[in-house]
Amino acid sequence: MKPSAFDYVRPLSLDEAMEQLAIDPFESKVLSGGQSLIPMMNFRLARPERLIDINRVPGLEGIVPGQDRVTIGARTRHLAVQNTGLQGPLGSLLRTAAAQVGHLPIRTRGTFGGSIAHCDAASEWCLVARLLDAEMTVRSTRGERTIPAADFFQAIFTTAMEPDEILTSISLPALDDHHVTGIAEFARRAGDFAIVAATAAVKIEDGVVTRARVCLGGVSEVPWRSQAAESALLGSAWSAGAVAEAAAAAADEVDPPSDSHGDADYRRDLVRALLPRALNTAGAGS
Amino acid sequence: MTRSTVPVRLYVNGDRYDIDIEPRRTLADALREDCALTGTHLGCEHGVCGACTVLLDGQPVRACLMFAVQAEGASVRTVEGLAPDEETLHPVQKAFWEHHGLQCGFCTPGFLTLVTGYLEEHPEAQEDELRDVLSSNLCRCTGYQNIVTATMSAAEEMRG
Ligand SMILES: Cc1cc2nc3c(=O)[nH]c(=O)nc-3n(C[C@H](O)[C@H](O)[C@H](O)COP(=O)(O)OP(=O)(O)OC[C@H]3O[C@@H](n4cnc5c(N)ncnc54)[C@H](O)[C@@H]3O)c2cc1C
Ligand code: FES
Ligand code: FES
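Residues numbered from 1 in each chain as written. Chains lettered and ligands numbered in written order. Predicted model: local features only at pLDDT ≥ 70, side-chain atom pairs only at ≥ 80, totals over all residues. Heavy atoms only, no water.

A. Local environment of unusual backbone geometry. With a phi angle near 50°, Asp133 of chain A is a residue other than glycine that sits in the positive phi range. On the secondary structure map, Asp133 of chain A appears in the loop between helix H7 (124–131) and strand S6 (135–140). On the basis of relative accessibility, which here comes to 29%, the residue Asp133 of chain A falls in the partly exposed class. Notably, Tyr144 of chain B is not glycine yet its phi reads approximately 75°, a positive angle. As for its position among the elements, Tyr144 of chain B is in the loop between helix H4 (127–134) and helix H5 (145–159). Judged by its relative accessible area of 32%, Tyr144 of chain B is partly exposed. (Helix = DSSP H or I, 4+ residues; strand = E, 2+ residues; numbered from the N terminus. Buried < 20%, exposed > 50% of the residue type's maximum accessible area, 1.4 Å probe, protein only.)

What follows is the structure in structure tokens.
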């Protein structure tokens, strides 16, 4: 189908974008990579009256490493994340995750921040953001605020952003070299949204897990931090067996939806299988 | 509801097109309807099939998931712009021809632009990597094997 008619606005600065959005926030949409919004418009699931295209707003792209945190501009394309030279366990997590977002022609346009603003429960970037307690910086003509991931993702396609706010950047903690990170997912076809995805960042010092973060996608409306898996891992001796136990704990803890892509038990099985794959301990002896 | 049109200047395959379109016109529709370049096909209109793939500043994109107004100032390359002249096929086109990389041909423009865009940037790409790239697009006829063979052969020829 074809999208319904809209007024197109192409601001050349962030101030102008915020002013344009403030004119009629409830009938307007921000257009970033367009890889989720335009399909919805083509199907008329979304019919915004006005589109505020932020593709020519300067200062919204790039990955900037800082002392303790790494800041990613909202309009950084998935492909730029996939090609980042960022060192360490965070860089490797970002590259592995990016390679699983859709296909190449989606990654050339789609953006990191667009994915987070869109808030799909199986999206790689929403998972990574929730995993690492990302902080989202949003701006409007009313000012700027920073929203932690725990509050940001509220329900399917629903975030804590107000309609007049623009997501400008996302900051993630720079993980030191004691961390092991990874992401693994299962989809029926290459490039599809995952049915279930698992991502983890585990800190290991002298063979013992001193910090564990585990986040699952496809098991609830929003990315799910698995406390069961995290507490199973914390303090344990790092081994394939410990990861398998954590995965089993996570599978018991979640209450996944059943739909045409897979029923709840199937999703629990996927959790059990995918967490060890994410941490690269699958198939290893305990 | 009809809204007023806006003037848009597109550069496609090195030619300039001054067109008047509504902002809701996708790049794919503008190429087909306003520039009369019907080589770009439309299958699903939601980014899944890849029939509409074109190169935007050298990078493969879904022309159904961009508005034509957004392509202003960029260089667009479609399947019509791959061959160097009327008589000569692009190495990727030639390889698809020689290795039967198509049957009905509906998906072919998308595969040709996808593969050309990727190989021009990554001439050293190996089979695993190219299979991953090819997974971007759908073909309902060939079973993909000949598309893989054609792509490998084009890669070799383009490496020279
Ligand atoms: C075939 C296909 C396969 C895909 N597979 C995957 C996949 O496997 N995993 C995955 O995660 N995604 C997948 N996607 C979606 C893709 O990653 C999108 O790029 C992403 O979901 C949205 O980012 P965008 O930049 O394209 O945003 P847009 O489509 O431009 O916007 C999406 C929504 O976010 C809002 N928005 C965007 N940017 C901002 C901002 N800066 N401030 C405020 N609001 C904003 C928009 O108003 C809109 O409501 C796929 C898409 C397609 C077409
Ligand atoms: S028509 Fe654009 S991807 Fe199918
Ligand atoms: S040749 Fe018919 S769809 Fe590919």
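B. Focus on the side chain of Ser140 of chain A. Relative to the helices and strands, Ser140 of chain A resides in strand S6. Setting aside residues no more than four positions away along its own chain, Ser140 of chain A makes contact with Met18, Asp164 and Glu165 of chain A. (Contact = heavy atoms within 4.5 Å.)

C. Representation of the pairing of strand S12 (residues 196–205) of chain A within the structure. All names here are of chain A. Burial analysis of S12 places nine of its ten residues in the buried class, which makes it a mostly covered element. Relative to S12, strand S11 (residues 179–186) runs antiparallel, the two being bridged by eight bridges. Each residue of the ladder has a partner; that of Glu185, found in S12, is Ala197. Sheet topology note: the S12/strand S13 (residues 208–217) ladder contains nine bridges and is antiparallel. Note on S13: the bridge partner recorded for Ile204 is Val209. The loop that links S12 with its antiparallel partner S13 comprises two residues; one of these, Asp206, has a positive phi angle of about 50°. (Pairing = 2+ DSSP bridges.)

D. Broad picture of the packing of helix H3 (residues 108–121) of chain B against H5 of chain B. All names here are of chain B. With their axes 11 Å apart at the nearest point, H3 and H5 run at an angle of 35° to one another. The way H3 lies across H5 gives a crossing that is right-handed. Of the residues in H5, those in contact with Phe111, Val115, Leu119 and Glu120 of H3 are Ile147, Thr151, Ala154, Ala155 and Met158. Residues of the contact of H3 with H5, tallied by class, amount to seven nonpolar, one polar and one charged. (Axes fitted to C-alpha atoms, helices over the stretch in contact; angles between N-to-C directions. Left-handed = near helix turned anticlockwise from the far one by under 90°. Nonpolar A, V, L, I, M, F, W, Y, C, P; charged D, E, K, R; others polar.)

E. Main features of the interface of chain A and chain B. If you look at the interface, chain A gives 34 residues, while chain B gives 32 residues. Summed over both sides, the interface between chain A and chain B buries roughly 2,600 Å², with carbon and sulfur atoms accounting for 56% of that surface. Counting every contact that joins chain A to chain B gives three salt bridges. Its salt-bridge partner being Glu45 of chain B, residue Lys2 of chain A comes within 2.5 Å of it at the nearest N-O pair. Linking chain A with chain B are 14 residue pairs in polar contact (both at pLDDT 80 or more). Elements represented by at least two residues in the side of chain A that touches chain B include exactly strand S1 (7–9), helix H2 (37–42), strand S3 (50–53) and helix H5 (104–107) of chain A. (Buried area = accessible area lost by both parts, 1.4 Å probe. Salt bridge = Lys/Arg side-chain N within 4 Å of Asp/Glu carboxyl O. Polar contact = N/O pair within 3.5 Å; in protein donor to acceptor, adjacent residues only side chain to side chain.)

F. A look at the sheet that holds strand S2 (residues 28–31) of chain A. All names here are of chain A. Within the open sheet, the three strands sit side by side as S1-S3-S2. Their pairing is parallel. Each end of this open sheet is capped by a strand with a single partner; those strands are S1 and S2. Within this sheet the neighbouring strands show an average axis-to-axis angle of 25°, counted without direction. Relative to S3, S1 runs parallel, the two being bridged by three bridges. The residue bridging Tyr8 from the neighbouring strand is Leu51, located in S3. The strands that helix H1 (residues 14–23) touches are S1, S2 and S3; relative to S3, the one it contacts most, it runs at about 170°.

G. Representation of the sheet that holds strand S2 (residues 15–21) of chain B within the structure. All names here are of chain B. The strand order across the open sheet built from five strands is S2-S1-S5-S3-S4, with neighbouring strands paired in mixed fashion. Every interior strand has two partners, whereas the edge strands, S2 and strand S4 (59–62), have only one. With direction set aside, neighbouring strand axes in the sheet form an average angle of 40°. Of the pairings in the sheet, the one linking strand S3 (residues 53–56) to strand S5 (residues 75–77) comprises two bridges and is antiparallel in character. In the strand pairing of S5, Leu56 is matched with Val76. Against the sheet, helix H1 (residues 27–34) makes contact with strand S1 (6–12), S2, S3 and S5, and its axis sits at roughly 105° relative to S2, the strand it touches most.

H. The arrangement of the pattern of salt bridges in detail. Residues and elements named next belong to chain A. Scanning the entire structure with this criterion turns up 23 salt bridges over all chains. Between Asp164 and Arg142 there is a salt bridge whose closest N-O contact spans 2.8 Å. Of this pair, Asp164 sits in the loop between strand S9 (158–159) and strand S10 (166–173) while Arg142 sits in the loop between S6 and strand S7 (143–148), placing them 22 residues apart in sequence. Assessed through its relative accessible area of 11%, Asp164 is described here as buried. Among the residues examined, Arg142 registers a relative accessible area of 58% and is labelled exposed. Glu165 is the partner of Arg142 in a salt bridge, and the nearest nitrogen-oxygen pair spans 3.8 Å.

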